[in-house]
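# Examination of the molecular architecture
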Amino acid sequence: MSASERRGQILQRLQVDGYVEAKVLSLELGVDTSTIRRDLDTLVRAGQAERTHGGARPITGASSEIPYAVKETERRKEKVAIARLAAQKVTDGQTIILDSGSTTYQVALELRHKADLTIITNDLRIGKYMATIPGIRLLVTGGELLGSVFTLVGERAVDFLSDYSADWAFLGADAIDPIAGITNTNTLEVPLKRAIISAAAHTAVVTDSSKFGQRALAKVAAINEIDIILTDTGLPSDQAEWFGDKVARASVTGD
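Throughout what follows, the structure given in this document is the object of discussion. For every chain, the first residue of the written sequence is number 1, and numbering continues from 1 onward in sequence order. Totals for whole chains, interfaces and linings use all residues, but because this is a predicted model, local features are given only for residues with pLDDT of at least 70 and pairs of side-chain atoms are given and counted only at 80 or more. The side-chain numbers reported here are obtained from all heavy atoms of the structure, hydrogens and water having been left aside.

Within the secondary structure layout, Thr 118 lies in strand S5 (residues 118-121). Categorising residues by exposure relies on relative accessible area from a 1.4 Å probe, with only protein chains included: less than 20% of the type maximum marks a residue as buried, more than 50% marks it as exposed, and the intermediate range marks it as partly exposed. In this structure Thr 118 comes out as buried when scored by relative accessible area, which is 13%. The contact rule is simple, with two residues in contact once any of their heavy atoms fall within 4.5 Å. Residues within four places of Thr 118 in sequence aside, it is in contact with Gln 94, Thr 95, Ile 96, Arg 137 and Leu 139. Counting from the N terminus, the helices are DSSP H or I runs at least four residues long and the strands are E runs at least two residues long.

Take a look at the structure:
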């Protein structure tokens, strides 16, 4: 497990439990306590936690969203493979909605090979990248910025999407469970994700295999509300069967 993956797990436990203890994290994550303390110090410097005796707790009022700088480096090969699979769904001339996130950003990179696309996004990083691609028509939602993840949210963003129709939406997810469905750690993003689903003829969730079998705070959608889940072969075939024919798995380079 990389340092960024480990810190992401620590952030998730902070949100769920409200407190983490360094000694317990050391045993559960298989590293020594000095490594955990360095991780906690990094999260404190990033404004995502505050230290307590022997551990850490969330900062009151701080966003529970894992910063993009952490997400960006996690499971990069898997995200690239998923993005290539996603791009195969898209044909020239279509209108595509790209949700915010590090995996959807990889989808944006793959879509540079398509022609005459209209891209709608609430992700400022995706918008900045797509603005450099010739022949792309770019629409960026309004709304309030969640700074650490470059995401626009709020009523203005939801209202913006209600005026458009897309062929495909590619949606990020923090957790996927066959019963709980698609769930998200940040409640502020949920109305916008719902609006993305409503605006698209077809919705694909793009997320790596580490998100399966987990439940986050807020429900986004039931499994039957989306068309397909694109993930990687790190998800065992028997677990993929829990979702019927909804899952497609991308092979990761080097597997």
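Still to come is the rest of the account.
This part is about unusual backbone geometry. For Asp 116, which is not glycine, the phi torsion reads 60 degrees and is therefore positive. Relative to the elements of secondary structure, Asp 116 occurs in the loop between helix H6 (102-110) and S5. Taking relative accessible area as the criterion, Asp 116 reaches 58% and is therefore assigned exposed.

In plain words, nonpolar cores are sets of buried Ala, Val, Leu, Ile, Met, Phe, Trp, Tyr and Cys residues tied together by side-chain atoms within 4.5 Å. Among the nonpolar cores identified, the biggest contains 30 residues, and Ile 97, Ile 176, Val 205 and Ile 229 are the most heavily contacted of them. Counting residues per element, the ones that place at least two in this core are helix H8 (155-161), strand S9 (166-171), helix H9 (190-199), strand S12 (200-206) and strand S13 (218-221). No other element matches the six residues that H9 contributes to this core. In this structure Val 205 touches Leu 171, Ala 173, Ile 176, Ile 182, Ile 226, Ile 228, Ile 229 and Leu 230, once residues within four positions along its chain are discounted.

So, about the pairing of strand S14 (residues 228-232). In terms of burial, S14 is largely enclosed, as five of its five residues are buried. The alternating pattern of S14 places Ile 228, Leu 230 and Asp 232 and Ile 229 and Thr 231 on opposite faces, both of which are buried. Two elements, S12 and S14, share three bridges in a ladder whose sense is parallel. For Ala 204, the partnering residue across the bridge sits in S14 and is Ile 228. A strand pair is defined by DSSP finding two or more bridges across the two strands.

Everything listed here is a matter of geometry and, on its own, says nothing about what the molecule does.
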